[in-house]
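Okay, here's what each chain looks like letter by letter:
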Amino acid sequence: MLIPCPQCGPRDIREFTCKGHETHMKRPAPDAPPTAWDDHLHNRDNPAGPTRELWYHGAGCGAWLVVSRNTVTHAIAGATLAREGAR
Ligand SMILES: [Zn+2]
């Protein structure tokens, strides 16, 4: 399986580490109630089908990517740099 790194091109999935759903980037406000932080840190959806995940290219350029992947077919529709999505 290949992941299309925007900086390196298509690379083997073994060069990357999956860090979970992209919503992990959207942290609660520092003064949010503990229940909001508990939900952010411990509760995850487990979607069947298209999803967007955070991947780290640790054996490549070191970039954080948002990868669009189907969890049923494992087909990868594309990837963007995570910092571009945060703007
Ligand atoms: Zn890369």
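Along each chain, the written sequence defines residue order, and numbers are assigned to residues from 1. Reporting of local features is limited, given that this is a predicted model, to residues whose pLDDT is at least 70; pairs of side-chain atoms are given and counted only at 80 or more, and all residues count toward the totals for whole chains, interfaces and linings. Derived side-chain values reflect all non-hydrogen atoms in the structure, with water molecules and hydrogen atoms excluded from consideration.

Some points on the overall build of the chain
Okay, so step 1: If you tally the helices and strands in the chain, you get two helices and six strands.
Okay, so step 2: Considering the chain as a whole, with its 87 residues, one finds that 28% of them fall into the buried category.
Okay, so step 3: Pairs of residues are marked as contacts when any of their non-hydrogen atoms sit within 4.5 Å. Partitioning the intrachain contacts of the chain with sequence separation of at least 6 by distance along the chain shows that 43% fall at a separation of at least 24.
Okay, so step 4: Summing over all exposed atoms, the chain offers an accessible surface of approximately 5,700 Å²; the carbon and sulfur share of this is 53%.
Okay, so step 5: This count recognises Lys and Arg as positive and Asp and Glu as negative, with His and chain-terminal groups excluded. All charge positions are set by atom: Lys at NZ, Arg at CZ, Asp at CG, Glu at CD. Distance between charge centroids for the chain: 7 Å, based on 10 positive and 9 negative side chains. Helical segments are the DSSP runs of H or I of at least four residues, strand segments are the runs of E of at least two, and each set is numbered from the N terminus. For the exposure calls, accessible area comes from a 1.4 Å probe over protein chains only, and a residue counts as buried if that area is under 20% of its type's maximum, exposed if over 50%, partly exposed in between. All accessible areas in this document rest on Shrake-Rupley with a 1.4 Å probe, and a residue is counted as covered only by the protein chains that are shown.

Observations regarding the sheet that holds strand β6 (residues 76–81)
Okay, so step 1: In this analysis, strands are considered paired if DSSP registers two or more bridges between them. Pairing is antiparallel in the open sheet, where four strands are placed in the order β3-β4-β5-β6. Strand pairing shows two members of the sheet lacking a second neighbour, β3 (17–21) and β6, which therefore form its edges. With strand direction ignored, the average angle separating the axes of adjacent strands in the sheet is 30°.
Okay, so step 2: In this sheet, β6 lies alongside strand β5 (residues 64–70) in antiparallel orientation, the contact comprising five bridges. By the bridge assignment, V66 is partnered in β6 with T80. For helices, the fitted line uses only the C-alpha atoms of the stretch in contact; every axis is such a line through C-alpha atoms, and the angle between N-to-C directions lies from 0 to 180 degrees.

Side note on the nonpolar core
Okay, so step 1: Listed in full, the nine residues of the largest apolar core are I3, C5, F16, W55, A63, L65, V67, A79 and L81.
Okay, so step 2: For this core, the elements supplying multiple residues, two or more each, are β1 (2–5), β5 and β6.
Okay, so step 3: Ignoring any residue separated from it by four or fewer positions in sequence, one finds L81 in contact with P6, Q7, A63, W64 and L65. What we call a nonpolar core is a set of buried Ala, Val, Leu, Ile, Met, Phe, Trp, Tyr and Cys residues that are connected through their side-chain atoms within 4.5 Å.

Details of the coordination of the zinc ion
Okay, so step 1: Counted as donors are N, O and S atoms no farther than 2.8 Å from the metal, or 3.2 Å for Na, K and Ca; water is not among the atoms, and sites may therefore look incomplete. Note on the zinc ion: its protein donors are C5 (SG), C8 (SG), H57 (ND1) and C61 (SG). The metal-donor distances range over 2.1 to 2.4 Å.
Okay, so step 2: In this structure, the zinc ion is surrounded by four donor atoms whose angles at the metal cover 102 to 115°, and the resulting shape is tetrahedral.
Okay, so step 3: Read in sequence order, the donor residues for the zinc ion give the motif C-x2-C-x48-H-x3-C. Taken together, the residues C8 in the loop between β1 and β2 (9–12) and C61 in the loop between β4 (50–56) and β5 connect sequence positions 53 residues apart. Think of it this way: with four donors and all angles in the 85 to 135 degree range, the site is tetrahedral; with four or six donors, opposite ones beyond 155 degrees and the rest between 65 and 115, it is square planar or octahedral; otherwise it is irregular.

Some words on the packing of aromatic side chains
The description of an aromatic ring pair rests on the distance of the ring centres and on the angle between the ring planes.
Okay, so step 1: Between rings of Phe, Tyr and Trp, where Trp is taken as its six-membered ring, a pair exists when centres lie within 6.5 Å; planes separated by under 30 degrees are stacked, by over 60 edge-to-face, and by other angles tilted. With the rule as written, the count across this model stands at one aromatic pair.
Okay, so step 2: Ring geometry for Y56 against W64: centres 4.9 Å apart, planes inclined by 40°, an arrangement best described as tilted.
Okay, so step 3: Overall, the relative accessible area of 28% leaves Y56 in the partly exposed class.
Okay, so step 4: For W64, a relative accessible area of 39% puts it in the partly exposed group.

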